[in-house]
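These are the residues of each chain, in order.
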Amino acid sequence: MQWTSRARKRAASGALAVGLGIAGVVALPTTFATSVNAAPTLPSDGTWDVTATPTGYKVTLTLDSEVPVRDALTELAVDGRVIGEAKQSLDGKTLTVETTDKSVADATSVQLAFSGSIPSVESAASTAKLRSLRVAPESQSSAVAAAATIADDPATPGAYTVKRADYSLGESVWALPGLFPAAKPVEDKAAVYLPDGAPGARPLVVFLHGRHSACYNATTRGTNNAVWPCPATHPLPIDSYKGYDETAEALASHGYVVVSISANGINSQDANFSDDAGTAARGQLVMKHLDQLARWNDNKGDKAQRAVFAGRIDFDNVGLMGHSRGGEGVVEAALQNAELHKPYNIRAVLPLAPIDFARETLPDVPMAIILPYCDGDVSNQQGQHYYDDSRYANKDDVLRTSLMVLGTDHNFFNTEWTPATSVAPSSDDWGASTDSVCGSAAPNTTRLSPALQRAVGTAYMAGFFRLVQGGENQFLPLFDGTNGTVPSTAGATVYTQAQAPGSQRLDVAPLEAPSSNVIVSGFTTQAYCYNTSNRILQGTNGVPCFTPTQTSRAPHWTSASYAPFVPISPVFKATWTTTGTTPPNASLFASLPAGSFDVSGYAALSFRAAKEETQTGDVDLNVTLIDGSGKTQSTTVASNSSALISFPASTNTTNGVSLTPKTWMQTARLPLSLFNSLDLKDIRQVRITPATLTGGVYLSDIAFDTPGVGAGGPTELPHASLADVTVPEGNAPGYATMRITLDDKLEAPASLWVTSNSTASTAQVDPIAIPVLLPEGSRGTTVQIPLRGNTVASGTATNPLPTTALKVILANGKGVVFSDQFALLNIVEDDPRPAS
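Everything quoted here is computed from the prediction, not taken from an experiment. (Residues numbered from 1 in each chain as written. Predicted model: local features only at pLDDT ≥ 70, side-chain atom pairs only at ≥ 80, totals over all residues. Heavy atoms only, no water.)

> Just give me the short version of the overall build of the protein, but keep the residues and values in it.
Looking only at helices and strands, the protein has 8 helices and 44 strands in total. Scored against the burial criterion, the 836 residues of the protein give a buried share of 61%. If you take every contact in the protein between residues at least 6 apart in sequence, the share linking residues at least 24 apart comes to 77%. (Helix = DSSP H or I, 4+ residues; strand = E, 2+ residues; numbered from the N terminus. Buried < 20%, exposed > 50% of the residue type's maximum accessible area, 1.4 Å probe, protein only. Contact = heavy atoms within 4.5 Å.)

Written out as structure tokens, the structure is:
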């Protein structure tokens, strides 16, 4: 089998810095480590400057040592405000951001930032042992506390002995087109876990680790991520791919073949040799391993590997797990796979603490997303977008779920990223050990011990693949929104949101926009909202959901790095108050679709809900069903669900803003047995009203459903691609035409967005977020990108700026998925410089 390349070669472009230079001493955190085995601390010194360019300003931060390797994008902050993604020099010590923001000319500080946040400053590293203590959030109901404990624990070893069959076939084997301008070679290496004696072809699960340093020196404990293969100064590869033993062994002991692949070659090259932070390359790497395993499985190729794998793998039953940047990588792999003429049957995808820089959707494949509450790396938990964006991207028939795990950080799901167990340097990514919620040394912290965090990862990862690939439905309560637990995770708190398969769900009101079947009245404020307040384009009249700019507190609405202004997670938001002694007369009425009044075949009424972030007291809602005779019956959210709790709030802050509490919607499931006095074959309306005197909520996805997994596999939706274009800048406002093509004809209307990748665009183009509608039968269309145009020559007489390259991408497809998602708009300077 052959995969399709999803990234083309890109030409680099740059601007000449001229004139003004402003220099200062950088203010950086002094430590980021929590163990004597920790990774190098954040650089404590450096210099910065701001220089004028022909199109704005160039902010440069020069460090004394390599920038820390993290999964979040490296950014720069000026005077405590993040200004954009930073380009890294090959040695990882020089970071630059080009911007049209005039305020940077008066900068007094430049700092490193990650995921929109500046790492916390801490006076000294802590070696305190992490504890498993946790604090129950306020208003946790007895119904939630009594969530079912499943006796069959996915972490319990199965009947088969696990046999290792690792392969290491070279450090420079595969040249991946996703790494360019010249395809960069990467390793062919994997840890393999086989169920010894299991008969026949077995289900396959592939693991892909995230972005960690690639190489280290065992004597100095220094790391290097700038050269691949590993240089003589740091000769040992860091075996990140060996860090998932517990989960892999749990699956293999129950009959699964697990292959955990190494991606150090991508990690060390993705900052400078890709336009998408290495996403396409990671997907290509997964496909390379699948193709290689398929050859060995067919008794072809290397004799030694054929002896191990021939006839052992069922390629009609494949699952993918990706950690952090690996999470986006396995989503990408599933999309690349769907382009094949004869794709592998990828039946389950699990992004663990994932990034989502470009907002790809993945319909038609069951998905579980795991979000660590104390993630100090991808602290804005942007992987939540995979759930939010994919849930209505197609009328599919699959389970989709997202899990918020309290007390867990980004790294400790992997033993090679955990100081107590790693061979190479590692660290606790949550930097502030005294943080009252997530700190390792704080009294009453919610932090889990590393062992318990891995136990949670094993239970939920192994449970999801056994549920979807193995049909073991006893594990469904872990993922269906009912907050089921298993013995191995005792002491951990996990909250869920879930969307049941389309065949087992009646959608009543997604609550993404006004609808003729929804009537809202009486609330103090009420609106359909999206994004955060600083990520709505001027002139669009959008209502922001989350007003604080600290996006680490708002996973649903944190902006995507490459699509900052595309609307994110539209939901309904309302607040209410009263001076009386009873809740105000406010309501949301949602009428059921005509002809769909019989809900007796469903198990529950469900919707997603969260407490609005400014609310300090208890918040609750009455939920009422009304049947055809006008009879009503009600219950409350708090008596059935934890959806309106407050999440733990930290006392530690970064630049005056805390990374917690999170505002995150949970699924409220109200069993229809609670409405036993109604005619469930003739339900006409759902009514939601305040149950407390004051309050505020987010609401979405009102539906009747029955939990299940559904039937999924590689999507058959058409793939959309965006083509590069080169245009003159023009002398006046005009347009550049870019073409979108589809690899197949649309069988239903579809939509997507075209957007610039930067909040501070070039002088020729304003930030853009353009909706594109594609009618049934379409094979493509064009989109017009507004150009400013000017009559001023750029650059200097000796160093003109002939072309500005603007990265433009496709984002958030509905009814389509993406192939070549990234394109360059090359804007050619057409104004001659006057003779000198």
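And the narrative resumes.
> Which residues make up the environment of Gly 327, and what are the values?
Counting through the fold element by element, Gly 327 comes out in helix α6 (residues 325–338). Taking relative accessible area as the criterion, Gly 327 reaches 0% and is therefore assigned buried. Each C-alpha atom of the pair Gly 327 and Gly 383 lies 8.1 Å from the other, and the pair is 56 residues apart in sequence. Excluding anything up to four places from it in sequence, Gly 327 contacts Gly 322, Pro 351 and Pro 354.

> Can you break down the packing of helix α2 (residues 245–252) against helix α8 (residues 450–468) residue by residue, with the values?
Between α2 and α8, whose axes approach to 9 Å, the crossing angle comes to 35°. The crossing of α2 and α8 is right-handed. From α2, Glu 246, Thr 247, Ala 250 and Leu 251 reach across to α8, where they touch Arg 454, Gly 457, Thr 458, Met 461, Ala 462, Phe 465 and Arg 466. When the residues that make up the contact of α2 with α8 are grouped by side-chain class, the tally is 5 nonpolar, 3 polar and 3 charged. (Axes fitted to C-alpha atoms, helices over the stretch in contact; angles between N-to-C directions. Left-handed = near helix turned anticlockwise from the far one by under 90°. Nonpolar A, V, L, I, M, F, W, Y, C, P; charged D, E, K, R; others polar.)

> Help me get a handle on the environment of Phe 114, residues and values and all.
Here Phe 114 shows up in strand β8 (residues 110–114). Separated by 29 residues in sequence, Phe 114 and Glu 85 place their C-alpha atoms 8.8 Å apart.

> Lay out unusual backbone geometry in plain terms, naming residues and giving numbers.
In this structure, the amide linkage connecting Phe 180 to the following residue, Pro 181, adopts the cis form with an omega of 15°. Cis geometry is adopted by the peptide bond preceding Pro 229, which originates at Trp 228 and carries an omega value of -5°. Its identity is not glycine, yet Ala 353 carries a phi of approximately 45°, on the positive side. Among the secondary structure elements, Ala 353 is positioned in the loop between β20 (346–352) and β21 (367–372). The buried category is assigned to Ala 353, whose relative accessible area is 1%. Non-glycine residue Asn 483 carries a positive phi angle of around 60°. Its place among the elements puts Asn 483 in the loop between α8 and β23 (494–499).

> Mind laying out the pairing of strand β42 (residues 803–814), listing which residues take part and the relevant values?
Burial runs high along β42: 9 of the 12 residues are buried. Looking at chain direction, strand β39 (residues 750–756) and β42 are connected through 5 bridges and run antiparallel. Looking at the pairing, Thr 755 lines up with Ile 809 of β42. Strand direction decides the pairing type here: β42 and strand β44 (residues 822–828), joined by 7 bridges, are antiparallel. Each bridged residue has a counterpart across the sheet, and for Leu 806 the counterpart in β44 is Leu 825. (Pairing = 2+ DSSP bridges.)

> If you had to explain the state of the cysteines to someone new, which residues and values would you point to?
What the rule picks out here adds up to 3 disulfides. Two residues, Cys 215 and Cys 230, share a disulfide whose sulfurs are 2.1 Å apart. The S-S bond linking Cys 215 to Cys 230 shows a torsion near -90°; that makes this disulfide left-handed. With Cys 215 in strand β15 (residues 215–216) and Cys 230 in the loop between β16 (223–224) and β17 (236–237), this pair connects stretches of sequence that are 15 residues apart. A single burial state applies to Cys 215 and to Cys 230, both of which are buried. The residue that forms a disulfide with Cys 374 is Cys 438, at a sulfur-sulfur distance of 2.1 Å. Of note, the bridge from Cys 374 to Cys 438 carries an S-S torsion of about -75° and is left-handed in sense. Separated by 64 residues along the polypeptide, Cys 374 in the loop between β21 and α7 (384–390) and Cys 438 in the loop between β22 (400–405) and α8 bring together distant segments of the chain. (Disulfide = S-S within 2.5 Å.)

> Could you give an account of the nonpolar core, naming the residues involved and the relevant values?
Ranked by internal contacts, the top residues of the largest apolar core, which has 61 residues, are Leu 204, Val 259, Leu 285, Leu 290, Leu 293 and Phe 315. For this core, the element with the highest residue contribution is helix α4 (residues 279–297), accounting for 8 residues. Excluding residues that lie within four positions of it along the chain, Val 259 makes contacts with Tyr 167, Ala 190, Ala 191, Val 192, Leu 204, Val 205, Val 206, Phe 207 and Leu 293. Grouped together as the second largest cluster of nonpolar side chains are 43 residues, Ala 191, Tyr 241, Ala 455 and Ala 492 included. (Core = buried A, V, L, I, M, F, W, Y, C linked by side-chain atoms within 4.5 Å.)

> Can you lay out the packing of aromatic side chains for me, pointing to particular residues and giving the numbers?
Taken as a whole, this structure holds 17 aromatic pairs when the rule is applied. Measuring from ring centre to ring centre gives 5.9 Å for Phe 207 and Tyr 244, while their planes differ by 80°; the resulting arrangement is edge-to-face. Taken together, the residues span a long stretch of sequence, with Phe 207 in strand β14 (residues 202–208) and Tyr 244 in the loop between β17 and α2 at a distance of 37 residues. Judged by its relative accessible area of 2%, Tyr 244 falls in the buried class. When the ring of Tyr 562 is compared with that of Phe 822, the centres are 5.5 Å apart and the planes differ by 85°; the resulting orientation is edge-to-face. (Phe/Tyr/Trp six-rings, centres within 6.5 Å; stacked < 30°, edge-to-face > 60°.)

> Now, about α4: what can you tell me, with residues and values included?
The terminal C-alpha atoms of α4 lie 27 Å apart, and with 19 residues this matches the ideal 27 Å at 1.5 Å per residue to within 8%. Burial within α4 is extensive, with 17 of its 19 residues counted as buried. (Expected span 1.5 Å × (residues − 1).)

> Could you give an account of the sheet that holds β15, with specific residues and numbers?
Two modes of strand pairing occur in sheets, parallel and antiparallel, and in both the strands are linked by backbone hydrogen bonds. Sheet architecture is open: 3 strands sit in the order β16-β15-β17, paired in antiparallel fashion. Whereas interior strands pair on both sides, the edge strands pair on one side only; in this sheet they are β16 and β17. With 2 bridges connecting them, β15 and β17 associate as antiparallel partners. When the sheet's bridge partners are listed, Tyr 216 is paired in β17 with Leu 236.

> Now, about the sheet that holds strand β5 (residues 81–85): what can you tell me, with residues and values included?
Spatially, the 3 strands line up as an open sheet ordered β5-β4-β8, and their pairing is antiparallel. At either margin of the open sheet sits one strand with a lone partner, and together these are β5 and β8. When strand polarity is set aside, the average angle formed by the axes of neighbouring strands in this sheet is 40°. Examined bridge by bridge, strand β4 (residues 74–78) and β5 share 4 bridges and lie antiparallel to one another.

> Let's hear about a negative patch on the surface: which residues, and what values?
Together, Glu 716, Asp 743, Asp 744, Glu 747 and Glu 776 line one region of the surface with negative charge. By the secondary structure assignment, Glu 776 is in the loop between β40 (769–774) and β41 (780–787). Under the relative-accessibility criterion, Glu 776 is labelled exposed at 55%. (Patch = residues over 30% accessible without salt bridge, like charges linked within 9 Å, V, L, I, M, F, W, Y side chains within 5 Å. Areas by Shrake-Rupley, 256 points an atom, 1.4 Å probe, with all protein chains shown as cover. Salt bridge = Lys/Arg side-chain N within 4 Å of Asp/Glu carboxyl O. Lys, Arg positive; Asp, Glu negative; His and termini not counted. Charge placed at Lys NZ, Arg CZ, Asp CG, Glu CD.)

> Summarise the environment of Tyr 495; cite the residues concerned and give the values.
On the secondary structure map, Tyr 495 appears in strand β23. A residue is classified by how much of its surface remains accessible, and Tyr 495, at 2% relative accessible area, is buried. Once the C-alpha coordinates of Tyr 495 and Trp 664 are considered, the two residues, 169 residues apart in sequence, prove to be 9.7 Å apart.

> Any chance you could break down the side chain of Gln 499 for me, citing the residues and the numbers?
With respect to the helices and strands, Gln 499 occurs in strand β23. Given the relative accessible area of 5%, Gln 499 is considered buried. A polar atom in the side chain of Gln 499 sits 3.2 Å from the backbone oxygen of Arg 391. In contact with Gln 499, not counting residues within four places along its chain, are Tyr 387, Arg 391, Tyr 392, Val 398, Leu 399, Arg 400 and Arg 505. (Polar contact = N/O pair within 3.5 Å; in protein donor to acceptor, adjacent residues only side chain to side chain.)

> Before we move on, can you summarise the pattern of salt bridges with the specific residues and values?
Within the structure shown, the criterion is met by 24 salt bridges. Among the charged side chains, a network of salt bridges with common partners joins Asp 388, Arg 391, Glu 512, Arg 608 and Asp 701.

> Please give an account of the pairing of strand β7 (residues 94–99) that cites residues and values.
Side chains on a regular strand alternate between the two faces of the sheet. Here strand β3 (residues 56–63) pairs with β7 via 6 bridges, running antiparallel. Paired with Tyr 57 across the strands is Thr 99, a residue of β7. With 2 bridges connecting them, strand β6 (residues 87–88) and β7 associate as antiparallel partners. Within β7, the residue paired with Gln 88 across the bridge is Leu 95.

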